[in-house]
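Residue-level structural notes
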Amino acid sequence: MNSVEIEEAISLQAEQPFDADDFPFDFLQAFGNKDTTPKRLRSGTSNKSDLGGVLQSNNIHILTCKAGSVSTALATLKSSRATTQAKAKFMRKMQERAYEMRGEQYLLIKSPPASGKSRALMFIALDKLHNQGLKQAIVVVPEKSIGSSLTMSH
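All of these numbers come straight from a predicted model, not from anything done at the bench.

About the thresholds
Residues numbered from 1 in each chain as written. Predicted model: local features only at pLDDT ≥ 70, side-chain atom pairs only at ≥ 80, totals over all residues. Heavy atoms only, no water. Core = buried A, V, L, I, M, F, W, Y, C linked by side-chain atoms within 4.5 Å. Buried < 20%, exposed > 50% of the residue type's maximum accessible area, 1.4 Å probe, protein only. Helix = DSSP H or I, 4+ residues; strand = E, 2+ residues; numbered from the N terminus. Axes fitted to C-alpha atoms, helices over the stretch in contact; angles between N-to-C directions. Parallel < 35°, antiparallel > 145°, perpendicular 65-115°, else oblique. Left-handed = near helix turned anticlockwise from the far one by under 90°. Contact = heavy atoms within 4.5 Å. Nonpolar A, V, L, I, M, F, W, Y, C, P; charged D, E, K, R; others polar. Phe/Tyr/Trp six-rings, centres within 6.5 Å; stacked < 30°, edge-to-face > 60°. Salt bridge = Lys/Arg side-chain N within 4 Å of Asp/Glu carboxyl O.

Take the nonpolar core next. One finds Ile6, Ile10, Phe25, Phe27, Leu28, Ala30, Leu41, Val54 and Ile62 forming the largest nonpolar core, which totals nine residues. Among the secondary structure elements, those contributing two or more residues to this core are α1 (3-14) and α2 (23-30). A total of four residues in this core trace back to one element, the largest contributor, which is α2. The next biggest cluster of nonpolar side chains, apart from the first, holds six residues, and it includes Met94, Ala98, Leu121 and Ile124.

Contact geometry of α2 with helix α3 (residues 36-43) gives a least axis separation of 9 Å together with a crossing angle of 160°. In terms of axis orientation, α2 runs roughly antiparallel to α3. Judged by the sense of rotation from one axis to the other, the crossing of α2 with α3 is right-handed. Within the contact between the two elements, α2 uses Phe25, Leu28 and Gln29 and α3 uses Pro38, Leu41 and Arg42. Along the lines of polarity and charge, the residues of the contact of α2 with α3 split into four nonpolar, one polar and one charged.

Looking now at the packing of aromatic side chains. Inspection of every chain in the model, using the stated rule, returns four aromatic pairs. Relative to Phe27, the ring of Phe23 lies with its centre 5.4 Å away and its plane at 35°, an arrangement referred to as tilted. You can see Phe23 and its partner Phe27 sitting in helix α2, four residues apart, about one turn around the helix. The class of Phe23 is partly exposed, set by a relative accessible area of 24%.

Inspection of every chain in the model, using the stated rule, returns three salt bridges. A salt bridge links Arg42 to Asp22; its shortest N-O distance comes to 3.0 Å. Note that Arg42 is positioned in helix α3 and Asp22 in the loop between α1 and α2, a separation of 20 residues in sequence. Since its relative accessible area comes to 46%, Arg42 is described here as partly exposed. Asp22 sits in the partly exposed class, given a relative accessible area of 28%. A salt bridge links Asp127 to Arg102, with the nearest nitrogen and oxygen atoms 3.5 Å apart.

Structure representation (structure tokens):
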């Protein structure tokens, strides 16, 4: 899936009432996982989370948390033995720092090439659109190839 398709799927998910139990599975489907992946994770046959979350090996460890406790949840996920064994991926330090600043009106990220700046900005923009009441977010990237993957379809 490209970022436009992901944004559309996440937007549909954001319009639904939040259900902490279903969110991890809906999130994985929004990112293009086959229907069988969330089913296997939900049944527990492939979910190896040691925190009560959802752990998809070689991909992601998801743990829902209350507002204001994202940093604590991230630290808990990172220190999880299951996370390490499953080689789950997380935000890079720069992306975490940028996401913590998501409430700012302007945000400039200076970081080396291929460090995840565009992805961090895309998720910050989605947060602004869906959680902060903004109607429009502008993400400026220096490469046409990156910019074209962030273009809205309508």
